[in-house]
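# Observations on chain architecture
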Amino acid sequence: MFGSTAEGSTKLVKNARQAREERARLKKMESSLLKIQAYVRGFLSRQRLRREWTSEIDEIIDYKDTTGSTKMLEDDKTIKASTSYGGAVKNLQSNPEWGIQSFSTAKLTGTYSKLSLKSKQNQTISASQNTSNSSAETHLQAQNKGKDRPGTVGNAHDKDAMENTVSTTPEKLLSGVELLTVTRKLLFSIRLQQDIWRYDKLCRLILLNCNADKSVKNSYCSLCVNKQYAVTWIQQVKRLLRICCKYLGILNPREHHSARMINVCLNMMILLTDASNWKLVKRQPALSPILCQITNGVAIDLYSNGSMQVLGSLLQKRLSSSHEAKDDTMVLASFTMVLRPIIASGLKDDMLISMLKYIMSVPALIWHINKASAQLILMISKLCIFEKLLDIMDGGNRCSLLLLFEKRYDSSNTVIDILSTVTNLVQLAVIDVKVLERRNTSFVRMMNQFLQYLVEHTCHRKLSSSTWHPVLGFFNSSDNGQNVTMNFVRAQLGFFWNPSLLRAVFRDVLNLKSLHSEDVTPAQAEQLVTKTVQKVKLSDRVSSYLKKFTLSKPRVAIQQTGGRKLEYDEVKNTTSACLMFRRLLSVVTKQLQLEMLTGLTFMDEVLGRLWRFICELGTSGGLKLFLSALTLPLEVAEPYFAVFTLFCDMTAHILSILDDIEFYEEQIPFHLEELVTISESLQKFVFRVIWDQKITDSNHQIREVFESALTLLLMLHDRDARRPFTPVDHWICRDVKPNTIRSEIEKMTPRGSSVIEKIPFVIPHKDRVIYFRSLVTADKELVGDGPTTHITVRRSRLLEDGFEKLSSMTTTRLKGTIRVKFINDLGLDEAGIDQDGVFKEFLEEIIKKVFNPDMNLFKVTTEEDGKLYPSPTSYLQDNHLQLLNFVGRILGKAVYEGIVVDVPFATFFLRHLQQQHSMLYSPLDELPSLDAEFYKNLTWIKRYDGDISDLELTFTYEEDVLGRLETRELEPGGMSIPVTNQNRITYIHKLAHYRLHTQIKDQTRAFISGFRSIVQKRWTSMFSAPELQRLISGDNVDLDLTDLRRNTTYYGGFHSSHRVVKWLWDVLERDYTPQQRAAFLKFVTSCSRPPILGFTYLEPPFSIRCVEVADDDDTGDSVGTVIRGFFGISSKKQSGQRHRLPTASTCFNLLKLPNYPSKDILREKLKQAIVNNTGFELS
């Protein structure tokens, strides 16, 4: 019984609990339904309220949607896809300033509690205001056209959009209270896309009201001092401008209709953030402080809602168009709105940082503003914004600023942003030059930080992911759409070499007094000048743009003495400035590098003072310091390397445009004695970098320093090779023994290969020739012996048969053994066996014919000794290019076999043969080797002080072709391009390039192709042009009789102690001049110059043979001949005859000398034979 009762009680409790849960669930459901119902009623009420108020607003502002509410935003995705302003529409709709008091009524609470849904206020517009509609329209048009009126933004480009987008009905002039009311309603119901034209109409009415000539009480702006409306007005203005800011962020200024709306929004922002132009201030100036405080608050609120980023984006879009914004009021108004909150806040750091991040990163912004408005630039200077930015960068925010840039976009866009920031800041620095002079160290530090980032994130080699940028060259970029604006950025970079900036950043270098004595007269420099020049006017010898170098150059040569410790402030400041320019040079393209170096080099005294600074740097001079810096950590050595590299680049640049008079006689920009010191230090530096293998893939800084030093070193060596100014053996390395270097080269080690490839002149010339011969020997072993090629040629048709036999021969066969059989004029085979001697004769005869100017394959220069170069008119000869290719192969075969031939080439053509023209190569330097008179005329044009256009020259060249003048244009349309003082340097170089290159390019290419088929380029790249000539034709020195005697072989009974042999050597040594000894050598070997390695390497060896009969009866070295020759016994036949002349077999380098009875007869007969050039046929 008790059990049943307990069970029933439990069941009862369970049922009761379930009932309570069910009631709670039903109650919760009922509450949810009520909330849903309330939300639905509220939503429907708001929609009804929005529709009714929209209708009222349209009626009040007289708005007619004639074009569609979304015409301005043709693609709705423009707003929806905006990542920067995502949810803009949603934020406007979920407005926190209003709420529904009851779900069953439309009564509002909060800001909008006094509004009614009835349209009674529509009737409050007075009839008197309707009569002013025509006047209002006039005011609005004047506002949109008045570019110079304060607070207005508009241009002719937007006029059509203004007139065609909205209704042409005259606009009403509403009072301030009416505008306040209708604005509250529109802000309550606004939808960003659908209501864009309503908002535009409302803004125009507000602008019309504020600019209208009516009572101040009716002005919309005057409500800010009305106790009843002040708070509401301030809140409303802030919301209005926030919406303007949102529209600016999503509209495209390059579109016709969007630009109209942007101008209206900017007008609103300018009007409501500055009270100075309000009529209320003009009527009651005492209110100005209060009103300024209100507008400052509005401006700061606008900044806090992201206006800086929006305006930066707007400026970037606007300036990326193809036109130069000289009168672009949109740009000016946008930048004005950038400055408003900054001024209102008292130049707070956070706002300046935002300006640096979003505004200064707009490409070429300051360039456009400077072109468009001098007032804005003056305002920037008065506000000391540039100096404030320097203060920020000097503080603790330097690293964080770069991080802010990196957070904006990907790396490539950050590079563009920082590049644009750098160019805008450098233009500001030149504009505010007084601040720059005062804060030059801060400016240099800031630039170094930005430029270091650019160096780390750019590359100058073309990769698969790289794109070309007009300023940075090739670098990894995902977006390269700013190329049009980058043209202005390029122009801004020119401010880096503006004289004002250079004087400021190099102030210490330019103003410090020298530590050197000015009383020492240079001696070595005067001794090194190889030509004495009479004193004439400076303008007669030096180009006008180089006169300042002559005037500013120290009277004495500066020595490497040191004296300025590295801890001195002037040393730190100068190294930082050089580091800034060095980093900029490493970032920009080659063309910009040349422009920058030109600006730096021709700035008064910078190069000369920088050289003086280097001489005084450290304890014993900067050149030694740079060499010792190779052992320092890179971060420590980088500033010193920057000085060294910048000096090398500037010096190499100016050397590339100096002619011989300026370099050797006027000694611009340095004394020759100083250049000797510079070249010696450069040689040690470059060799040490190579020998110690300092260049690695990860150490690109050292590579840049090395390349700059190497470029200057090669230019100095090239000058010295053409016209020496250094002592003998100046270029030979003395830090390492030549045998050690040669061993490394022969082993083909990396450093040995680098030395022979980059600076071969540090090795003695003889060692290089030996290495060349070893390369040829190795190539011969690679080719192998192979079958011997036999050819038959007729002496009467030597060139034709030789061309036919050899031109079609493969390179491998041509490098092999070739045996030649001559056929004489009678058609009979000539006696003799070719053991290389006949082939040597064949080569000599071929070369003698093809290089004869009468054949018109080659011409001679105007020099006294007449050097050879390809004839520009060789095309008159049939198959001239094939013949030139054949000549190149023949000459290559001679060099390959070590056969010296007397073929003197012009220096400029030897440079072609080497194919070693660098970027800084100047054809004007080589022009004297072609035509000295023509070179003199061009240099006269270069130095002409008057107006060169008076000469009526054009970019053409008149060429004499078989007595007929033909005009050649130096560039397309050159006949119509006059030569002026501005382009005469270009004209001179183009004309020199035409004479040396263009005129004979086909002939040169054919000849080089043939020569290189036998002699590889890397084999001769170790020689300079004069050294290559020595390799071809032997040493241009006096005959070394001791060496010749040591390497002479005797036949026919002659020996070194024979009386006739002794007489011969004595005559050559005592009675002959160097020219006569050269003629003797040419008589025997066909070449007047001795072999470059001495007679040990002469092939076949030099030999003398005793003969007693004529050549026709000579049967060789018989026993009787040898015995009689050995003991000096003359035969009866010979004693009864008239003494015959000596003869020579040049193919065997053999002198056939009779056994003369006296020294006088030998002297006379030998001289006669040399003069008559007796050979096989005449004795």
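One can find the structure itself at the top, above this paragraph.
The following refers to the structure shown. Remember, predicted model here, so these are calculated numbers, not experimental data.

### Some thoughts on the overall build of the protein chain
Each helix and strand counted, the protein chain has 56 helices and 14 strands in total. Within the protein chain, buried positions represent 53% of all 1179 residues. Counting only contacts in the protein chain whose residues sit at least 6 apart along the sequence, the fraction spanning at least 24 positions is 77%. Total accessible area on the protein chain is roughly 53,500 Å²; 51% of this is exposed by carbon and sulfur atoms.

### With respect to the environment of Ala-491
Along the chain, Ala-491 falls in helix 23 (residues 483-493). When its relative accessible area of 31% is taken as the criterion, Ala-491 is described as partly exposed. Expressed as a C-alpha distance, the spacing of Ala-491 and Trp-367, which sit 124 residues apart in the sequence, is 8.6 Å.

### Here's the deal with the side chain of Asn-983
One can find Asn-983 in the loop between strand 10 (964-969) and helix 47 (984-996). For Asn-983, a relative accessible area of 19% gives the class buried. A polar side-chain atom of Asn-983 sits 3.1 Å from the main-chain carbonyl oxygen of Pro-978. Once residues lying within four places of it in the same chain are set aside, the contact partners of Asn-983 are Phe-955, Ile-977 and Pro-978.

### A short note on a nonpolar patch on the surface
Judged by side-chain polarity, Met-29, Leu-33, Ile-36, Val-40, Phe-43 and Leu-44 come together as a nonpolar surface patch covering roughly 560 Å² of accessible area. Topologically, Leu-33 is positioned in helix 1 (residues 2-60).

### Concerning the packing of helix 44 (residues 907-914) against helix 50 (residues 1025-1033)
Axis separation between helix 44 and helix 50 bottoms out at 9 Å; the angle between their running directions is 85°. Taken as axis vectors, helix 44 and helix 50 run roughly perpendicular relative to one another. Contacts from Thr-907, Leu-910, Arg-911, Leu-913 and Gln-914 of helix 44 reach helix 50 at Ala-1025, Leu-1028, Gln-1029 and Ile-1032. Classifying every residue of the contact of helix 44 with helix 50 by side-chain character gives five nonpolar, three polar and one charged.

### A word on the sheet that holds strand 14 (residues 1150-1154)
Read across the sheet, four strands follow the order 11-12-14-13 without closing on themselves; strand pairing throughout is mixed. Across the chains shown, the open sheet's two edge strands, defined by having one partner strand only, are strand 11 (1049-1051) and strand 13 (1143-1145). Neighbouring strand axes in the sheet, compared pairwise and without regard to direction, differ in orientation by 25° on average. In terms of strand pairing, strand 11 meets strand 12 (residues 1103-1107) through three bridges, oriented parallel. Across the sheet, the residue bridging to Thr-1049 is Ser-1103, located in strand 12.

### Re helix 46 (residues 932-943)
It helps to recall that an α-helix has 3.6 residues per turn; residues three or four apart then point in one direction. With twelve residues, helix 46 ought to run about 16 Å at 1.5 Å a step, and its terminal C-alpha atoms sit 17 Å apart, in line with that. Taken together, the buried positions of helix 46 are Phe-934, Tyr-935, Leu-938, Thr-939, Ile-941, Lys-942 and Arg-943. N-capping of helix 46 is provided by Asp-931, with a side-chain oxygen placed 3.2 Å from the backbone N of Glu-933.

### Comments concerning unusual backbone geometry
Of the consecutive residues Ile-668 and Pro-669, the connecting peptide bond is found in the cis state with omega at -5°. By secondary structure assignment, the location of Pro-669 is in the loop between helix 34 (660-665) and helix 35 (672-691). One non-glycine residue, Leu-347, adopts positive backbone phi at about 60°. Mapped onto the elements of the fold, Leu-347 is located in the loop between helix 14 (329-344) and helix 15 (349-359).

### Concerning the side chain of Ser-1024
Secondary-structure assignment places Ser-1024 in the loop between helix 49 (1017-1020) and helix 50. Overall, Ser-1024 belongs to the buried group, its relative accessible area being 13%. Sequence-distant contacts of Ser-1024, that is, excluding residues within four places in its chain, are made with His-717, Ala-721 and Gln-914.

### A look at the nonpolar core
Counting 294 residues, the largest nonpolar core has Phe-443, Phe-506, Phe-581 and Phe-905 as its most contacted members. In terms of residue count, helix 33 (residues 634-655) provides more of this core than any other element does, 13 residues in total. In this structure, Phe-506 is in contact with Ala-577, Cys-578, Phe-581, Val-606 and Leu-646, ignoring residues within four places of it in sequence. Counting 30 residues, the second-largest nonpolar core is a separate cluster that includes Leu-1044, Ile-1104, Cys-1106 and Ala-1169.

### Considering the environment of Ala-333
Its location among the elements puts Ala-333 in helix 14. Considering only alpha carbons, one finds Ala-333 and Ile-270, 63 residues apart in sequence, at a separation of 7.3 Å.

### What about empty space enclosed by the protein?
Enumeration according to the criterion identifies eight cavities of 30 Å³ or more in this entry. One number sums up the size of the second largest cavity: a volume of about 60 Å³. Considering the residues around the second largest cavity, the lining is formed by Lys-840, Gly-898, Ile-899, Val-900, Thr-1085, Pro-1091, Tyr-1097, Leu-1098, Glu-1099 and Asn-1149. In terms of residue class, the lining of the second largest cavity is made up of five nonpolar, three polar and two charged.

### Points about helix 35
For helix 35, which comprises 20 residues, the first-to-last C-alpha distance of 28 Å matches the rise-based estimate of 28 Å (1.5 Å per residue) to within 8%. In terms of burial, helix 35 is largely enclosed, as 16 of its 20 residues are buried. Positioned one or two residues after helix 35, Gln-693 has a phi angle of 55°, which is positive.

### A word on the pairing of strand 9 (residues 956-961)
Across six bridges, the pairing between strand 9 and strand 10 is antiparallel. Across the sheet, residue Tyr-957 finds its bridge partner in strand 10, namely Arg-968.

### Description of the pattern of salt bridges
If you walk through the whole model with that rule in mind, you get 43 salt bridges. We note a salt bridge from Asp-1038 to Arg-1077, for which the minimum N-O separation is 3.0 Å. Placement of Asp-1038 in the loop between helix 50 and helix 51 (1041-1046) and of Arg-1077 in helix 53 (residues 1074-1085) is noted, with a sequence separation of 39 residues between them. Residue class for Asp-1038 comes out partly exposed when judged on its relative accessible area of 39%.

### A word on the state of the cysteines
Within this structure, the stated rule accounts for zero disulfides. Lacking any disulfide linkage, Cys-221 is separated from the closest cysteine sulfur, that of Cys-210, by 3.2 Å. Residue Cys-221 is classed as buried on the basis of its relative accessible area, which comes to 2%. We note that Cys-244 lacks a disulfide partner, and the nearest cysteine sulfur, in Cys-265, lies 4.1 Å from it.

What counts as what
In this numbering scheme, every chain counts its residues from 1 along its sequence in written order. The model is predicted, so local features are restricted to residues of pLDDT at least 70 and side-chain atom pairs to those at 80 or more, both for listing and for counting; the totals for chains, interfaces and linings are taken over all residues. The side-chain numbers reported here are obtained from all heavy atoms of the structure, hydrogens and water having been left aside. Helical segments are the DSSP runs of H or I of at least four residues, strand segments are the runs of E of at least two, and each set is numbered from the N terminus. Classification of residues uses two cut-offs on accessible area relative to the type maximum, computed with a 1.4 Å probe and protein chains only: under 20% is buried, over 50% is exposed, and between them is partly exposed. We call two residues in contact whenever any of their non-hydrogen atoms come within 4.5 Å of each other. Using a 1.4 Å probe, the Shrake-Rupley method yields the accessible areas, and only the shown protein chains count as cover for residues. Polar contact is the term for a pair of N or O atoms within 3.5 Å; when the atoms are in protein, one must be able to donate a hydrogen and the other to accept it, and sequence-neighboring residues count only if both atoms are side-chain atoms. Like-charged residues are merged into a patch within 9 Å and nonpolar side chains (Val, Leu, Ile, Met, Phe, Trp, Tyr) within 5 Å, provided each residue has over 30% relative accessible area and no salt bridge. Salt bridge, as applied in this entry: a Lys or Arg side-chain nitrogen positioned within 4 Å of an Asp or Glu carboxyl oxygen. To get an axis, fit a line to the C-alpha atoms, keeping to the stretch in contact for a helix; angles then go from 0 to 180 degrees between the N-to-C directions. The labels follow the angle: roughly parallel below 35 degrees, roughly antiparallel above 145, roughly perpendicular from 65 to 115, and oblique for the rest. For this scheme, ten residues count as nonpolar: Ala, Val, Leu, Ile, Met, Phe, Trp, Tyr, Cys and Pro. Four count as charged, namely Asp, Glu, Lys and Arg, and the remainder, Gly too, count as polar. Think of it this way: DSSP has to see at least two bridges between two strands before they count as a pair. An expected span of 1.5 Å times one less than the residue number is assigned to each helix. Buried Ala, Val, Leu, Ile, Met, Phe, Trp, Tyr and Cys residues that are joined via side-chain atoms within 4.5 Å together make up what is termed a nonpolar core. Whether a set of points on the 1 Å grid over the protein atoms alone is a cavity depends on a 1.4 Å probe fitting there but being unable to get out, while an open set qualifies as a pocket with protein on both sides within 12 Å along at least five of seven lines; lining residues are those with an atom within 4 Å of a point. Grid points are joined across faces, edges and corners, and a volume is the space filled by probe spheres set on the points. Any cysteine sulfur atom paired with another within 2.5 Å is treated as part of a disulfide.

Treat this as a map of the structure, not an account of what it does.
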